[in-house]
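Analysis of the macromolecular model
Each chain, letter by letter, is given below.
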Amino acid sequence: MTTHLSSRPGPRRVIALAGTTVALGAATMLLPAPLAGLGGGRPADMSAATADAVVDFWTRGTAQLPDDLAGLVDYWQRFHIVKAVLAAALLVVAVRLTIDLYRGGRRTPTAPDGSGRHLVRATPAAVVAALALTIVAANLQGVVAPLSTLIPLATDAGDPRISAISAQAYAQLTHPSGVMSAPLSVLVDDFALYHKAFAVISAVLVVAFGGWAVGIAAAARRTPAGHRSRRYASAAALTVLAVATGVVCAANVSSALDSAHALALFFGG
């Protein structure tokens, strides 16, 4: 009995983990821009600067990124690196907090708890962990293809020049001849890389979720009959998550194979 109770995390550790989770959550939201800006290239108005740089790139008509756009792409890549690292740290701490909250509320021989309060206690931390995982995945995609994640900032600027470029790009992408300008070819290639990156990331997650589900189901079979339901429910939830992630993976593979069509949908939308 003593051994069982000692395995439950103490309140001090839970409080420390909760505080660290809050601090890392704030850091993930607030620090990427200033930290990435230490290397230079951070403008006061990101959307307006991106719009100007994209117009410059488009009107030059060459495949080489002009200095202003190249500088923004470098900054944006650093931004994604910093945010991915901070979110990864948040993920690790939030997962640890979720486990401790679950174990801390779990029933013991001296403190039976069949109401599922341990699940309620752990749910907020689990949600934070899920959000952190999403942020890590999205920003790894941005690290691989920063140009594609930068372009939406230009379209958000409300610049009529960008609207005109979007219309021209859409016309070229949907023209039967398939002829594209050099800048548009660069965007199409980077958009393919953008979707390939997320296809790989989501494929890794499918394997992780699927393997986790199999492991939990195997453990459930070795558990006394009266205590299997929660483990099987967890395995089922992970299986659903793996299938949903697999759908995302398939969608990104499709977009990577036909990135011109995917980019046309972006510009036409």
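Analysis parameters
- All chains use their own residue numbering, which begins from 1 and follows the written sequence.
- The model is predicted, so local features are restricted to residues of pLDDT at least 70 and side-chain atom pairs to those at 80 or more, both for listing and for counting; the totals for chains, interfaces and linings are taken over all residues.
- Excluding hydrogens and water, the side-chain values take into account all heavy atoms of the structure.
- Helix and strand labels come from DSSP, where a helix needs a run of H or I of at least four residues and a strand needs a run of E of at least two; each type is numbered from the N terminus.
- For the radius of gyration, the atoms used are the C-alpha atoms, and the globule rule reads 2.2 Å times the number of residues raised to 0.38.
- The cut-offs for exposure are 20% and 50% of the maximum accessible area for each residue type, with area from a 1.4 Å probe on protein chains only; residues under the lower value are buried, those over the upper are exposed, and the others partly exposed.
- Contact between two residues is taken to exist if any of their heavy atoms lie within 4.5 Å; hydrogens are not considered.
- Exposure was quantified through the Shrake-Rupley algorithm and a 1.4 Å probe, taking into account, for residues, occlusion by the shown protein chains and nothing else.
- A score from 0 to 100, pLDDT tells how confident the predictor is in each residue.
- Here, nonpolar core means buried Ala, Val, Leu, Ile, Met, Phe, Trp, Tyr and Cys residues that are tied together by side-chain atoms lying within 4.5 Å of each other.
- Axis lines are fitted through C-alpha atoms, for helices just across the contact stretch, and the angle between N-to-C directions can take any value from 0 to 180 degrees.
- Whether a crossing is left-handed or right-handed is set by the direction in which the near helix is turned from the far one by less than a right angle, anticlockwise for left-handed and clockwise for right-handed.
- Centres within 6.5 Å are what make two rings of Phe, Tyr or Trp a pair, Trp counting through its six-membered ring; a difference in plane orientation under 30 degrees is then read as stacked, over 60 as edge-to-face, and the rest as tilted.
- One speaks of a salt bridge when a side-chain nitrogen belonging to Lys or Arg is within 4 Å of a carboxyl oxygen belonging to Asp or Glu.
- Nonpolar side chains (Val, Leu, Ile, Met, Phe, Trp, Tyr) are joined into patches within 5 Å and like charges within 9 Å, using only residues with over 30% relative accessible area and no salt bridge.
- Working rule for angles: under 35 degrees goes down as roughly parallel, over 145 as roughly antiparallel, 65 to 115 as roughly perpendicular, anything else as oblique.

Summing up its helical and strand segments, the protein has 11 helices and zero strands in all. The N-to-C order of helical and strand elements in the protein reads α-α-α-α-α-α-α-α-α-α-α. Whereas a compact globule of 269 residues would reach a radius of gyration of roughly 18 Å, the protein reaches 24 Å, over 25% beyond that. For the protein, the proportion of its 269 residues judged to be buried stands at 40%. Within the protein, contacts between residues separated by at least 24 positions form 79% of all contacts whose residues are at least 6 apart in sequence. Of the roughly 14200 Å² of accessible surface on the protein, 67% is carried by carbon and sulfur atoms.

We now examine the confidence of the model for the protein. Looking at the protein, pLDDT values average 89 and 91% of them are 70 or higher. Per-element mean pLDDT across the protein ranges from 43 in helix H1 (residues 2-6) up to 96 in helix H8 (residues 160-174). The model gives residues 1-6 a pLDDT under 50, and that stretch makes seven contacts with residues more than four places away or in other chains.

Core analysis: the largest hydrophobic core is formed by 34 residues, its most contacted members being Leu69, Leu150, Leu184, Leu187 and Leu263. Among residues more than four places away in sequence, those in contact with Leu184 are Trp58, Ala169, Gln172, Leu173, Leu263 and Phe267. With 13 residues, the next largest nonpolar core counts Leu91, Leu97, Leu101 and Ala132 among its residues.

Where helix H11 (residues 259-268) is concerned, the buried positions are Ser259, Ala262, Leu263, Ala264 and Phe267. Residues of H11 that are buried in the fold lie against H8, helix H9 (182-221) and helix H10 (229-257).

We now examine the packing of H8 against H11. Taken N-terminus to C-terminus, the directions of H8 and H11 make an angle of 145 degrees; their axes are 9 Å apart at the nearest point. The way H8 lies across H11 gives a crossing that is left-handed. Counting all contacts with H8, which are made through Ser166, Ala169, Tyr170, Leu173 and Thr174, the residues of H11 involved are Ala260, Leu263, Ala264, Phe267 and Gly268.

Right, let's talk about the packing of aromatic side chains for a bit. The full count for this structure, using the stated rule, is five aromatic pairs. Both rings, one in Tyr75 and one in Trp76, keep their centres 6.3 Å apart while their planes meet at 40 degrees; by these two values the pair is tilted. Given the relative accessible area of 11%, Trp76 is considered buried. With 5.2 Å between their ring centres and 65 degrees between their planes, Phe266 and Phe267 make a pair best called edge-to-face.

Quick look at the pattern of salt bridges now. Inspection of every chain in the model, using the stated rule, returns five salt bridges. Among the ionic pairs, Arg96 bridges to Asp100, the shortest N-O distance being 2.8 Å. With a gap of four residues between them, Arg96 and Asp100 both fall in helix H5 (residues 67-104), about one helical turn apart. A cluster of three or more residues bridged by salt bridges with shared partners is formed by Arg13, Arg96 and Asp100.

Taken together, the side chains of Met29, Leu30, Leu31, Leu35 and Leu38 make up a nonpolar region of the molecular surface, amounting to roughly 530 Å² of accessible area. Within the secondary structure layout, Leu38 lies in the loop between helix H3 (32-36) and helix H4 (46-60). Residue classification places Leu38 among the exposed positions, given a relative accessible area of 71%.

Let us now look at the packing of H9 against H10. For the pair H9 and H10, the least separation of the axes is 8 Å and the interaxial angle reads 160 degrees. Judged by the angle between their axes, H9 and H10 are roughly antiparallel. For the pair H9 and H10, the sense of crossing is left-handed.

We now examine the environment of Ala235. For Ala235, the location among the structural elements is in helix H10. Residue Ala235 is classed as buried on the basis of its relative accessible area, which comes to 6%. Apart from residues lying up to four places away in sequence, Ala235 is in contact with Ala213, Ile216 and Ala217.

Our next topic: the side chain of Asn139. Structurally, the position occupied by Asn139 is in helix H6 (residues 117-144). Setting aside residues up to four positions removed in sequence, Asn139 forms contacts with Phe79, His80, Lys83 and Ala84.

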